[in-house]
Amino acid sequence: MVHMTEMSLLFVLFMASSAFGQVNKPGSGQTNETQNRVATKQFDSQCPCSWVGLNGRCFIYFSQSLDWASAETHCMNMGAHLISLHSDNEYQLMKSLILPGSPTWLGLNNCMKRDSYFWSDGSKYDYSKWNKDEPNNLPGECCVHVTSIGQMDWNDIPCSRVYPFVCSKKMA
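Here goes a summary of the coordinates provided. (Residues numbered from 1 in each chain as written. Predicted model: local features only at pLDDT ≥ 70, side-chain atom pairs only at ≥ 80, totals over all residues. Heavy atoms only, no water.)

### Section: the nonpolar core
- Within the largest apolar cluster, 22 residues are counted, with the highest numbers of intra-cluster contacts made by L85, M94, L106, V146 and W154.
- Elements with a contribution of two residues or more to this core: β2 (57–66), α4 (88–97), β4 (104–109) and β6 (143–146).
- It is α4 that contributes the most residues to this core, four residues altogether.
- Setting aside chain neighbours within four positions, we find L106 in contact with W68, L82, I83, L85, M94, W119, V144, H145, V146 and W154.
- Residues I60, F62, C75 and F165 belong to the second largest nonpolar core, which totals 17 residues. (Core = buried A, V, L, I, M, F, W, Y, C linked by side-chain atoms within 4.5 Å. Buried < 20%, exposed > 50% of the residue type's maximum accessible area, 1.4 Å probe, protein only. Helix = DSSP H or I, 4+ residues; strand = E, 2+ residues; numbered from the N terminus. Contact = heavy atoms within 4.5 Å.)

Take a look at the structure:
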């Protein structure tokens, strides 16, 4: 009887905490702080739970730091890619998802051919928001991240660095 009461209490606590958005999704890389920031965003019923929708796509932030290739692989394992950006609205949404002061990977790189940037999701490179004097194409810098200083715009940087990231995918 005691075991049954404990199980009932655990269930009630779980349901109550879920209702208030205090339960982290296991393996999501989301912290309560991140979830609370995302809770103010517009969720779309065509996006998976915890993803934010805009312009027919779904977005999610991961606070864990990975190198560019590992971050892309993590996104691909969820049927997504590192974020590609095609408008100021998408860029502002992405900036609202990430933690302030935290450099964050984008899905943009020019590792295959210098000065030939492309998005990892294969979409057209039709929008950019480079920091002043970027990209500077220093040796070994072929991946792109949002910087943590100034306007938090784009910078080319070595792919081996580790940063948090945003994944995006088309709505279901």
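Here the narrative resumes.
### Observations concerning the environment of K129
- Mapped onto the fold, K129 is located in the loop between β5 (118–119) and β6.
- K129 sits in the partly exposed class, given a relative accessible area of 30%.
- For the pair K129 and S87, spaced 42 residues apart in sequence, the C-alpha to C-alpha distance is 9.6 Å.
- Filtering out sequence-adjacent residues up to four positions away, K129 remains in contact with D88, Y91, D153 and W154.

### Considerations on the pattern of salt bridges
- In this structure the tally under the stated criterion is three salt bridges.
- Taking the shortest distance from any N to any O, the salt bridge between E90 and R57 comes out at 2.8 Å. Placement of E90 in helix α4 and of R57 in strand β2 is noted, with a sequence separation of 33 residues between them.
- Residue class for R57 comes out buried when judged on its relative accessible area of 11%.
- The partner of D88 in a salt bridge is K129, and the shortest N-O contact between them spans 4.0 Å. Placement of D88 in helix α4 and of K129 in the loop between β5 and β6 is noted, with a sequence separation of 41 residues between them.
- Taken together, the salt bridges that share partners define one network made up of R57, E90 and D121. (Salt bridge = Lys/Arg side-chain N within 4 Å of Asp/Glu carboxyl O.)

### Some thoughts on the state of the cysteines
- Tallying each qualifying case throughout the model produces four disulfides.
- Two residues, C75 and C167, share a disulfide whose sulfurs are 2.0 Å apart. Classification of the bridge connecting C75 and C167 rests on its S-S torsion, roughly -80°, and on that basis the disulfide is left-handed. Taken as a pair, C75 in helix α3 (residues 68–76) and C167 in strand β8 (residues 163–170) lie far apart in primary sequence, 92 residues in all. The same class applies to C75 as to C167, namely buried.
- In this model, C143 is linked to C159 through a disulfide, with the two sulfur atoms separated by 1.9 Å. With the S-S dihedral at roughly 90°, the linkage between C143 and C159 falls on the right-handed side. Here the residue C143 occupies a position in strand β6, and C159 occupies one in the loop between β7 (154–157) and β8, the gap between them amounting to 16 residues. (Disulfide = S-S within 2.5 Å.)

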